[in-house]
Amino acid sequence: MAPLPLRCPANGKGAAPLPTGQEEPDSEDEVYEVVDLTEYARRHQWWSRVFGNSSGPIAEKYSVATQIVMGGVTGWCAGYVFQRVGKIAATAIGGGFLLLQIANHSGYVQVDWKKVEKDVNKAKKHLKKKANKAAPEINTFIEEATDFIKRNIVLSSGFVGGFFLGMAS
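Bear in mind the structure is a predicted one, so any value in this text is a computation, not a measurement.

Quick notes on the environment of Gly161
- You can see Gly161 is positioned in helix H6 (residues 153-168).
- It is 6.2 Å that separates the C-alpha atoms of Gly161 and Gly72, two residues lying 89 residues apart in sequence.

Things to note about the pattern of salt bridges
- Counted under the stated rule, the structure contains one salt bridge.
- A salt bridge links Asp147 to Arg151, with the shortest nitrogen-to-oxygen separation between them at 3.3 Å. Taken together, the positions of Asp147 and Arg151, both in helix H5 (residues 136-151) and four residues apart, correspond to about one turn of that helix.
- Taking the relative accessible area as the measure of exposure, Asp147 reaches 40% and is therefore partly exposed.
- Residue Arg151 is classed as partly exposed on the basis of its relative accessible area, which comes to 37%.

Topic: helix H3 (residues 64-106)
- Spanning 43 residues, H3 covers 61 Å between terminal C-alpha atoms, matching the ideal 63 Å at 1.5 Å per step.
- Those residues of H3 lying buried are Gln67, Gly71, Gly72, Gly75, Gly79, Gln83, Ala103 and Asn104.
- Positive phi appears at Gly107, one or two residues downstream of H3, with a value of about 90 degrees.

A closer look at a positive patch on the surface
- The grouping of Lys125, Lys129, Lys130 and Lys133 at the surface amounts to a positive patch.
- Relative to the helices and strands, Lys133 resides in the loop between helix H4 (113-132) and H5.

Side note on the confidence of the model for the protein
- When pLDDT is averaged across the protein, the result is 77; 67% of the residues are at 70 or more.
- The secondary-structure element of the protein with the lowest mean pLDDT is strand S1 (residues 5-9), recorded at 49, while H3 shows the highest, at 92.

Quick notes on the packing of aromatic side chains
- Under the definition given, this model contains four aromatic pairs.
- Their ring planes at 50 degrees and their centres at 5.7 Å tell us that Phe82 and Phe163 sit as a pair that is tilted. Within this pair, whereas Phe82 is found in helix H3, its partner Phe163 is found in helix H6, the two being separated by 81 residues in sequence.
- On the basis of an interplanar angle of 65 degrees and a centroid distance of 6.2 Å, the ring pair of Phe163 and Phe164 is categorised as edge-to-face.
- With a relative accessible area of 22%, Phe163 lands in the partly exposed category.
- Three or more aromatic residues link up through ring pairs in this structure, and these residues are Phe82, Phe159, Phe163 and Phe164.

Quick word on H6
- In a regular helix each residue adds 1.5 Å, so 16 residues correspond to 22 Å; H6 covers 23 Å between its end C-alpha atoms and thus fits that length.
- Taken as a whole, H6 has its buried residues at Leu155, Ser156, Gly158, Gly162 and Gly166. Seen along its axis, H6 keeps its buried residues to an arc of 160 degrees; they face one direction. Of the exposed residues in H6, those oriented more than 90 degrees away from the buried face are Ile153, Phe164 and Ala168.

Considerations on the packing of H5 against H6
- Interhelical geometry of H5 versus H6 gives an angle of 100 degrees and a closest axis separation of 5 Å. On the basis of their axis angle, the class for H5 and H6 is roughly perpendicular. Between H5 and H6, the residues in contact are Phe148, Ile149, Lys150 and Arg151 and Ile153, Leu155 and Ser156, respectively.

What to know about the packing of H3 against H6
- Direction vectors running N to C along H3 and H6 enclose 35 degrees, while the axes themselves pass 6 Å from each other. Judged by the twist between their axes, the crossing of H3 over H6 is right-handed.
- Considered class by class, the residues forming the contact of H3 with H6 number 13 nonpolar, 10 polar and no charged.

About the cut-offs
- Here the residue index of a chain counts from 1 through its sequence in written order.
- It should be noted that, the model being predicted, local features are given only for residues of pLDDT at least 70 and side-chain atom pairs only at 80 or more, the latter also being counted only at that level, while totals for whole chains, interfaces and linings use all residues.
- As a rule here, side-chain values cover all heavy atoms of the structure and leave hydrogens and water aside.
- Where helices and strands are cited, they refer to DSSP runs of H or I of at least four residues and of E of at least two residues respectively, numbered from the N terminus.
- One side-chain nitrogen of Lys or Arg within 4 Å of one carboxyl oxygen of Asp or Glu is enough to make a salt bridge.
- Partly exposed residues are those whose accessible area sits between 20% and 50% of the maximum for their type, while under 20% is buried and over 50% is exposed, using a 1.4 Å probe and protein chains only.
- Multiplying 1.5 Å by the residue count of a helix minus one yields the expected span of that helix.
- What makes a patch is a set of residues exposed beyond 30% relative accessible area and free of salt bridges, joined within 9 Å when like-charged and within 5 Å when nonpolar (Val, Leu, Ile, Met, Phe, Trp, Tyr).
- Each accessible area is a Shrake-Rupley result for a 1.4 Å probe, and residues are judged covered by the shown protein chains and nothing else.
- A residue counts as positive if it is Lys or Arg and as negative if it is Asp or Glu; His and the chain ends are not included.
- Where a charge lies is defined by one atom per residue type: Lys uses NZ, Arg uses CZ, Asp uses CG and Glu uses CD.
- Confidence of the prediction at every residue is given by pLDDT, a number between 0 and 100.
- Within 6.5 Å between ring centres, the rings of Phe, Tyr and Trp (the latter by its six-membered ring) count as paired, and their orientation is classed by plane angle as stacked under 30 degrees, edge-to-face over 60, tilted in between.
- An arc is given here, and it is the one of the directions from the helix axis to the C-beta atoms.
- A fitted line through C-alpha atoms serves as each axis, taken over the contacting stretch for helices, and the angle formed by two N-to-C directions is quoted from 0 to 180°.
- Any angle between 65 and 115 degrees counts as roughly perpendicular, while under 35 counts as roughly parallel, over 145 as roughly antiparallel, and the rest as oblique.
- Contact definition: two residues touch when any of their heavy atoms are within 4.5 Å.
- Each crossing gets its hand from how the near helix is turned against the far one by less than a right angle, where anticlockwise is left-handed and clockwise is right-handed.
- Side-chain classes follow a simple rule in which Ala, Val, Leu, Ile, Met, Phe, Trp, Tyr, Cys and Pro form the nonpolar group, Asp, Glu, Lys and Arg form the charged group, and the remainder, Gly included, forms the polar group.

Following this line, the structure appears as structure tokens:
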């Protein structure tokens, strides 16, 4: 994208800049200088503090190697935590089911499995009805996530690789 040149009075009186090609009727004798805003923003750090650094995808701010490392490290951490939490959850659910079965066979608990099956089927039907009417917030979130991944493909691929490494460690 070509920089937008603005014409500012060279006398420094602080008059508002005019886009190139527009003339003021009574200022033909004033001299104007062309200011490249993109170059000006790079040289002055306050510009990024005022307007923020989130003006584009991360690919414009960091090198490819940095993006891969950042994505890989965060992905590894997420994968490691996911693995540990998954193991704990699977152990808790499996252990609970095992204790329920032992209690059932020992005669401590009587489970009406037909009623359980009926309730589970009712819950499945209810969930299917709700799933078909997905909330618009979910669709918006999915679109935003897809857009982020497309704009930051290097970071995202580093995250996926790190996630799988974290799951394996």
